[in-house]
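Chains, contacts and geometry: an overview
Letter by letter, the chains look like this.
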Amino acid sequence: MKSNVYDCIIIGGGAAGLYCAARLSRSVYSGKKVLIIEGGTRVGKKLALTGSGRCNLSNTEIDASRYNTDDTFKLESSLNRYGCLETCDFFENILGVVLEQKGTLLYPATLKSSTVVDALRFYLEDNKIETVFKQKVVSINKMKFYEITTDTDETYLSKNVVIATGGITYPSTGSTGDVVNILDKIADSSFFVPFKPALTSLSSDIPGIKGLAGIRCRGDVKIVNAGGFVKAHSEGEILFTKEGGISGICVMDVSDAVVRLIDNGETGIKAVLNLTGKSAGEIFQMIYIRRQMYAHRNCADALSGMLLRNITDFAMKQMHLKCDKMTLRELDDNKIAELSNLLCAFPIPITGYGDEDKAQVSSGGFKLSKLDDNMQVKSCPGLYIVGEAVNVNGICGGYNLQWAWTSAALAAESISQNV
Ligand SMILES: Cc1cc2nc3c(=O)[nH]c(=O)nc-3n(C[C@H](O)[C@H](O)[C@H](O)COP(=O)(O)OP(=O)(O)OC[C@H]3O[C@@H](n4cnc5c(N)ncnc54)[C@H](O)[C@@H]3O)c2cc1C
């Protein structure tokens, strides 16, 4: 009969779980029994979706200030101990994945996330790491060993357990916030920050916004509360969504702040958008020159070389003007100034945010401050929590996967010294 006793059991075969198993195989763990319990039918389902299928796996400018957590000091020291350089070394020299840098972002040179999933999968097969599928862990009991029970009524025992069950986003990939339920006999609510969507889209009911669906602008976004204070700011591409709202990397990067404001009951939140990537003074000059050149054309046509028609139409409607009925000659200096200011600081009332089906990452999870420097639950030796299940979430650009690699590597190093 096959023994159900293991040296280490990893719950969840996502980025963090797979990396932890790979790091364990690399260390003194050879010959030890390691099991991955995966609730789904295959490993790395979410990892395969990352970076629009290209997997932005790290960033050369990883820095704790780009993350949200309850313990910035521990996060900083963790990233210093195992950061981008160590990750690249492992991917290139052990897993055999050639990496490519685009700006500060790191990708597999194939620009295919399946390369990363396969490299981890093959390495685990080579090192005889066992994986069981379609078994969702439902509870852990702390006895002499940790006793793990699944929804298929299997029971497993291990001295070391790593929980790598992810957050709550894209639940179809298997991440449904299970860390909270699995640990209900071990950790009460004081160990957790509730999971919320982060890196998500924002919705608005401003008239005409749905007409901008699919349009992208390079600019910036400021989140301003009802008191007029800027709560978050980011630059980059803004994408208008078909649901009536905004998304894109810079919007996702400020979405965490909006989720907090809305969930704290604040109203009157605005996203102030620069839709041009330029200053209002520069835009004024550009329109002014065009008025000299194309005074007879309607505004939409006259400005079409510098602004998308839908944007001109959207902005001029806010001024109660019709861009296709009015010539540029009729736009006096005051109106040009008003239009320029609007295009560079367009206030959009925010009415909500994309739920966990749309968000790329969750905020919340097991508090980092309740873990030791190696991601071990302080009150439970041998029990580790890694990846998105921990209360650490970063901005777009490889920060979240880097956290998965970092936390997994630190746990693996500690476990390998404990057996
Ligand atoms: C569309 C999209 C694009 C993204 N792009 C990027 C990017 O380019 N760069 C970046 O840095 N980050 C990106 N992210 C975020 C990144 O994918 C996650 O932060 C990362 O995958 C988290 O890894 P994890 O292993 O902690 O969790 P997950 O990858 O979510 O893995 C958790 C695993 O645990 C399993 N599981 C859950 N509960 C149980 C249970 N009870 N029993 C057994 N198994 C269980 C799940 O089935 C799953 O396989 C993206 C996310 C999304 C959704």
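Read on for an overview of the structure.

What follows concerns the environment of Ile-186. Mapped onto the elements, Ile-186 comes out in the loop between helix H6 (179-182) and strand E11 (192-198). The spacing of Ile-186 and Ser-379 is 193 residues in sequence and 9.1 Å in space, taken between C-alpha atoms. Dropping the residues within four chain positions of it, Ile-186 is found in contact with Ile-140, Lys-142, Tyr-146, Cys-380 and Leu-383.

Before going further, it helps to examine the site of the ligand. Surrounding the ligand, one finds 34 residues, the nearest of these being Glu-38, Ser-175, Asp-178, Glu-388 and Leu-401. At 2.9 Å from a nitrogen atom of the ligand is found a main-chain nitrogen or oxygen belonging to Val-137. Contacts to the ligand include Asn-400, whose backbone N or O atom sits 3.4 Å from an oxygen atom. For the ligand, whose unbound accessible area comes to 1000 Å², protein coverage reaches 96%. Elements supplying a minimum of two residues to the shell around the ligand: helix H1 (15-26), helix H2 (50-53) and helix H12 (399-417). The dominant element in the shell around the ligand, judged by the number of residues it contributes, is H12, at three residues. Split into classes, the residues belonging to the shell around the ligand amount to 12 nonpolar, 17 polar and five charged.

Overall, the coordinates contain 13 salt bridges when judged by the stated rule. The partner of Asp-263 in a salt bridge is Lys-196, and the shortest N-O contact between them spans 3.1 Å. Taken together, the residues Asp-263 in helix H7 (residues 249-263) and Lys-196 in strand E11 connect sequence positions 67 residues apart. Of the residues examined, Asp-263 reaches a relative accessible area of 34% and is grouped as partly exposed. Its salt-bridge partner being Arg-309, residue Asp-301 comes within 2.6 Å of it at the nearest N-O pair. Salt bridges sharing common partners tie together Asp-118, Arg-121 and Glu-125.

Quick look at the sheet that holds strand E3 (residues 58-59) now. What the three strands build is an open sheet, ordered E3-E6-E5; its pairing is antiparallel. Looking at strand neighbours, the two that pair on one side only are E3 and strand E5 (99-102), the edges of this open sheet. Pairing of E3 with strand E6 (residues 105-108) involves two bridges; the strand directions are antiparallel. Among the inter-strand pairings, Ser-58 is bridged to a residue of E6, identified as Leu-106. Contacts from helix H4 (residues 84-94) reach E3, E5 and E6 within the one sheet, and its direction differs from that of E5 by about 140°.

Let us now look at the packing of helix H8 (residues 280-294) against helix H11 (residues 333-344). Following both chains from N to C, one finds H8 and H11 inclined at 135°, their axes separated by 8 Å at the closest point. Between H8 and H11, the angle is such that the two are oblique. Two packed elements cross with a definite hand, and for H8 against H11 that hand is right-handed. Counted together, Ala-280, Ile-283, Phe-284, Ile-287, Tyr-288 and Arg-291 of H8 and Asp-333, Ile-336, Ala-337, Leu-339, Ser-340, Asn-341, Leu-343 and Cys-344 of H11 form the full contact between these two elements.

Evaluated as defined, the whole model comprises 12 aromatic pairs. Ring geometry for Phe-91 and Trp-405: centres 5.2 Å apart, planes at 70°, overall edge-to-face. Placement of Phe-91 in helix H4 and of Trp-405 in helix H12 is noted, with a sequence separation of 314 residues between them. Residues Phe-91 and Trp-405 agree in their burial class; the two are buried. Centre to centre, the rings of Phe-192 and Phe-366 are 5.3 Å apart; their planes meet at 85°, and the pair counts as edge-to-face. Taken as a pair, Phe-192 in strand E11 and Phe-366 in strand E19 (residues 361-366) lie far apart in primary sequence, 174 residues in all. By relative accessible area, which is 1% here, Phe-366 ends up buried. What links up through ring pairs into an aromatic cluster is the set Tyr-19, Tyr-82, Phe-90, Phe-91, Tyr-123 and Trp-405. Directly above the aromatic system of Phe-191 lies the positively charged group of Lys-370, at a separation of 4.9 Å from the ring centroid.

Ranked by internal contacts, the top residues of the largest apolar core, which has 84 residues, are Ile-10, Ile-140, Ile-163, Leu-183, Ile-385 and Trp-405. Considering every element that reaches this core, the biggest residue donor is H12, with 11 residues. Core analysis: the second largest hydrophobic core is formed by 48 residues, Val-251, Leu-321, Ile-336 and Ile-350 among them.

As a further point, take the state of the cysteines. Counted under the stated rule, the structure contains zero disulfides. Unpaired in terms of disulfides, Cys-8 finds its nearest cysteine sulfur in Cys-20, a separation of 5.9 Å. The thiol of Cys-299 is unpaired, and the distance to the nearest cysteine sulfur, on Cys-323, comes to 7.0 Å. Classification of Cys-299 as buried rests on a relative accessible area of 0%.

The interhelical angle for the contact between helix H3 (residues 72-81) and H12, taken along N-to-C directions, is 80°, at an axis separation of 9 Å. When the axis of H3 is compared with that of H12, the two are roughly perpendicular. Where H3 approaches H12, its residues Leu-75, Ser-78, Leu-79 and Arg-81 are matched on the opposing element by Gln-402, Trp-403, Thr-406, Leu-410 and Glu-413. Looking at the contact of H3 with H12, its residues break down into four nonpolar, three polar and two charged.

A few words now on the sheet that holds strand E17 (residues 346-349). The antiparallel open sheet is built from seven strands, whose spatial order is E17-E16-E13-E14-E15-E12-E18. If you trace the sheet from one side to the other, it starts and ends with E17 and strand E18 (352-353), each paired once. Pairing analysis gives three bridges linking strand E14 (residues 230-241) to strand E15 (residues 245-247), with the strands arranged antiparallel. Residue pairing in the sheet places Thr-241 in a bridge with Gly-245 of E15. Along the sheet face, H7 touches strand E12 (202-203), strand E13 (216-224), E14, E15 and E18 and points at about 125° away from the line of E14. Each of strand E16 (270-274) and E17 touches H11; the most contacted strand, E16, lies at about 115° to it.

The rules behind each value
- Residues numbered from 1 in each chain as written.
- Predicted model: local features only at pLDDT ≥ 70, side-chain atom pairs only at ≥ 80, totals over all residues.
- Heavy atoms only, no water.
- Helix = DSSP H or I, 4+ residues; strand = E, 2+ residues; numbered from the N terminus.
- Contact = heavy atoms within 4.5 Å.
- Near = heavy atom within 4 Å.
- Polar contact = N/O pair within 3.5 Å; in protein donor to acceptor, adjacent residues only side chain to side chain.
- Areas by Shrake-Rupley, 256 points an atom, 1.4 Å probe, with all protein chains shown as cover.
- Nonpolar A, V, L, I, M, F, W, Y, C, P; charged D, E, K, R; others polar.
- Salt bridge = Lys/Arg side-chain N within 4 Å of Asp/Glu carboxyl O.
- Buried < 20%, exposed > 50% of the residue type's maximum accessible area, 1.4 Å probe, protein only.
- Pairing = 2+ DSSP bridges.
- Axes fitted to C-alpha atoms, helices over the stretch in contact; angles between N-to-C directions.
- Parallel < 35°, antiparallel > 145°, perpendicular 65-115°, else oblique.
- Left-handed = near helix turned anticlockwise from the far one by under 90°.
- Phe/Tyr/Trp six-rings, centres within 6.5 Å; stacked < 30°, edge-to-face > 60°.
- Lys NZ or Arg CZ within 6 Å of the ring centre and 35° of its normal.
- Core = buried A, V, L, I, M, F, W, Y, C linked by side-chain atoms within 4.5 Å.
- Disulfide = S-S within 2.5 Å.

Interpretation note: all reported values are geometric properties and have no functional meaning in isolation.
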